[in-house]
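Reading the structure
Letter by letter, the chains look like this.
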Amino acid sequence: MTGSEGAAWVFGDNIDTDQLAPGGTLKGGVEEGASQCLRAVNPDFAGQVRKGDFVVGGRNFGIGSSREQAAQALCHLGVAAVIAPSFGGIFYRNALNFGLLALVCAEAGKISQGDRLTADPETGEVRNLSRGEVYDCEPLPAHLLEIVSAGGLVPYLERKLR
Amino acid sequence: MGLTLAEKLIARAAGRDEVRPGETVTVRVDLAMMHDSSGPRRIAPILERLGAKVWDPERIVLVSDHWVPAVDAQSAEILAITRRWARENNIEAFYDMVGICHVVLPQGGHLRPGMFAVGGDSHSTTGGAFGCYMFGVGSTDMAGVLVTGETWLKVPESIALDWSGKLQRGVCAKDINLALCAHLGLGGAEYAAVEFTGSLIAELGMEERMTLSNMAAELGAQAGLIAPDETTTEWLEAAGGNPGEAAPWRSDKDAEYSATHEFDAGSLEPQVAAPHSPANAAPASSYKGVAIDQAYIGACTGAKLADLHMAAQVLDGRQVARGTRLLVAPASRRDMMQADTDGTLAKLMGAGAIMMPIGCGACAGFGGGVLAEDEVCISSTSRNFQGRMGAQSSKVYLASPYAVAAAAVAGEIRDPREFLAKG
Ligand code: SF4
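Topic: the site of the ligand
All names here are of chain B. Every residue near the ligand is listed here: H66, I100, H102, D121, H123, A299, C300, C360, C363, A364, S382 and R388. The site holding the ligand turns out to be the largest cavity. When its residues are assigned to classes, the shell around the ligand shows six nonpolar, four polar and two charged. Here the shell around the ligand spans two domains, and each of domain 1 (5–264) and domain 2 (272–420) adds at least three residues to it.

Looking at the sheet that holds strand β18 (residues 395–399) of chain B
In sheet architecture, strand pairing relies on hydrogen bonds along the backbone and comes in two forms, parallel and antiparallel. Residues and elements named next belong to chain B. In spatial order, the strands read β13-β12-β18-β17-β14-β15-β16; together these seven strands make up an open sheet with mixed pairing. Because the sheet does not close on itself, it has two edges, and the strands there are β13 (281–283) and β16 (354–355). Taken strand by strand, helix α6 (residues 173–184) contacts β12 (271–273), β13, β17 (376–379) and β18, and its axis lies near 55 degrees from that of β12.

Observations regarding α6 of chain B
For an α-helix, the turn length of 3.6 residues means that residues three or four places apart are oriented alike. Residues and elements named next belong to chain B. Helix length check: α6, at 12 residues, gives a terminal C-alpha distance of 16 Å against a target of 16 Å (1.5 Å per residue), a fit within 8%. For α6, a buried count of 10 out of 12 residues is recorded, marking the element as mostly surrounded by other parts of the structure. Of the positions making up α6, those classed as buried are A173, K174, D175, I176, N177, L178, A179, L180, C181 and L184.

Some points on the interface of chain A and chain B
Tallying the contact residues gives 37 residues for chain A and 41 residues for chain B. Across the interface of chain A and chain B, roughly 3200 Å² is buried in total on both sides, 54% from carbon and sulfur atoms. For the interface between chain A and chain B, the tally reads seven salt bridges. For E190 of chain B, the salt bridge identified is with R59 of chain A, shortest N-O distance 2.7 Å. On the surface where chain A and chain B come into contact, there are 18 residue pairs in polar contact (both at pLDDT 80 or more). Of all elements in the fold, only α4 (69–76), α5 (89–97), α6 (142–149) and α7 (153–161) of chain A reach the threshold of two or more residues within the side of chain A that touches chain B. Across the side of chain A that touches chain B, the residue classes break down as 13 nonpolar, 14 polar and 10 charged.

Regarding the packing of helix α2 (residues 40–50) of chain B against helix α3 (residues 73–88) of chain B
Residue and element names in this part refer to chain B. Two elements in contact, α2 and α3, have axes separated by 9 Å at closest approach and are oriented at 55 degrees. In terms of orientation, α2 and α3 fall into the oblique class. Contact residues: α2 offers P40, R41, A44 and L47, while α3 offers I78, I81, T82 and W85. Taken together, the residues of the contact of α2 with α3 sort by class into six nonpolar, one polar and one charged.

Notes on the sheet that holds strand β9 (residues 193–197) of chain B
All names here are of chain B. Spatially, the four strands line up as an open sheet ordered β10-β9-β8-β11, and their pairing is parallel. Of all the strands in the sheet, just β10 (223–225) and β11 (259–264) have a single pairing partner and so form its edges. The mean inter-strand angle of the sheet, taken between neighbouring strand axes irrespective of direction, is 20 degrees. Of the strand pairs in this sheet, strand β8 (residues 158–164) and β11 are connected by six bridges, and their pairing is parallel. Residue pairing across strands places D162 opposite E262, the latter belonging to β11. Set on the sheet, helix α1 (residues 5–14) makes contact with β8, β9 and β10; between it and β10 the angle comes to about 115 degrees.

Notes on the pattern of salt bridges
Considering all chains together, one arrives at 30 salt bridges over all chains under this definition. In this structure, E158 of chain A engages R49 of chain B in a salt bridge whose closest nitrogen and oxygen atoms are separated by 3.2 Å. Here E158 of chain A, found in helix α7, pairs with R49 of chain B, found in helix α2, and the two come from separate chains. Its relative accessible area of 49% is what places R49 of chain B among the partly exposed residues. Between E418 of chain B and K288 of chain B there is a salt bridge, with the nearest N and O atoms lying 3.9 Å from each other. Here E418 of chain B is found in the segment after α14 (401–410), whereas its partner K288 of chain B is found in the loop between β13 and β14 (294–297), with 130 residues between them in sequence. Linked through salt bridges whose partners overlap, the residues forming this network are K288, E412, R414 and E418 of chain B.

Calculation rules
- Residues numbered from 1 in each chain as written.
- Chains lettered and ligands numbered in written order.
- Predicted model: local features only at pLDDT ≥ 70, side-chain atom pairs only at ≥ 80, totals over all residues.
- Heavy atoms only, no water.
- Near = heavy atom within 4 Å.
- 1 Å grid on protein atoms, 1.4 Å probe; cavity = no way out; pocket = protein on both sides within 12 Å on 5 of 7 lines; lining within 4 Å.
- Sits in = over half its atoms within 2 Å of the grid points.
- Nonpolar A, V, L, I, M, F, W, Y, C, P; charged D, E, K, R; others polar.
- Domains from an automatic or database assignment.
- Pairing = 2+ DSSP bridges.
- Helix = DSSP H or I, 4+ residues; strand = E, 2+ residues; numbered from the N terminus.
- Contact = heavy atoms within 4.5 Å.
- Axes fitted to C-alpha atoms, helices over the stretch in contact; angles between N-to-C directions.
- Expected span 1.5 Å × (residues − 1).
- Buried < 20%, exposed > 50% of the residue type's maximum accessible area, 1.4 Å probe, protein only.
- Buried area = accessible area lost by both parts, 1.4 Å probe.
- Salt bridge = Lys/Arg side-chain N within 4 Å of Asp/Glu carboxyl O.
- Polar contact = N/O pair within 3.5 Å; in protein donor to acceptor, adjacent residues only side chain to side chain.
- Parallel < 35°, antiparallel > 145°, perpendicular 65-115°, else oblique.

Pasting the structure below:
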């Protein structure tokens, strides 16, 4: 299940849910929210991120509110995985529930903007093709991996309940 | 080796004798709380897609607090969907515009020590003040709970935050929270279950304890627990709930904490956190003179009855400064009625406070009272992330109700002790 290659978008510590999903966009749909995602820290991100790219965060990525639009926006923009040394607890759950791979990676700080990456959710291995480096991430427990591979909690439950 | 309070609560819900940090366990959920913003409008489509019904309507509490009262057709629709869903799913415990979820939940007698609960809101850690294991989840996660009555959890490490000594006059739980954010850093607890311990905590009333547990969210804690005691059971009894047993729900003497931080309450000064992070907290005196456009007393964090009392102590017989406005949005109808009966509201309004509807209001920028570009606000809420309370360039300073009231009177940030008689 080795993922395909994409570019890294690198952000700092404590990227919060108000930055990922600004309050003013919550009344509307996911398109509107996604178009404003992270505008306060990188105004180019939402417009230029490509399907299959990676978001690399610092500590506590996604700290703040329980609004799952924060994870949903990244999914909608086609982000393949979020890689960070630590996550806001609720964001982490929300990401997996949307089928967005969230990898806890102590070495995330070694990744630079634009580096070409691949990530393998099963081994938890992130490869930095630009630098020829491999980083180990905390492996996901089996049933969470199942949720992510199913494409999120809803498709997972759909399968289970049927 | 003994268990911490967090481990005992999780083990009970997992049907196990013990659990240890790092394990991922499946747990039965005793109570699910959600609100208008993260609730039915997002959950109903998921349940429909799954063709599933809620597992137990009696274990669900629904609160409309974020978009109340409606300010436009879109927010009105969100509230209408919430009401319809409550009706269709036989949700008895539906609180429509009578208060903020984290305050209404215990006031409605829904919490009991030993419970395992989830809430569709990050400040669900507030339930920890009652000896419940309670944390926030997103809507999809909540939909999973509603369908199965279960969820999963990685057992967190426990961190003890031990406070001894007595708080000075004009210093309160909110100052403890802000000082902790500065000390540990935003998210500094990194998923741990924090437990507030020590002689000070035992002396605090339930509303102050709720404030402590509430802002465990800003510490990045998975839960913010306080061992229940007589104060807890008396409060819950008065709220008309079943207080259950407090005694089993405390950490064993030989329980293992990943860290214990000790603090002396007596040396704590009133705190103010500068924009745009609660971790930018420092003694109020260091921000003295910062001019304020709006002072806001609101939110689950800072507009409960005890919070309104603190503001009234400063405002009694004084006037809000010219050029500054003071908005007050009480946390619940019950708090507002009690504040009316005991004369607190008269003191607030006498000083020039503008009373706002009960609810989340401007806290997350949804309701009335949001900020214009470049405006400066001092607020008793919990978060001052950029743009949260209105325009991107607006600035929010976080502080206790005492300090917000003091700034309203002075028109600038001050140490609230200047406005309180020594005693
Ligand atoms: S008052 Fe603020 S912090 Fe509390 S639930 Fe409402 S939006 Fe969240």
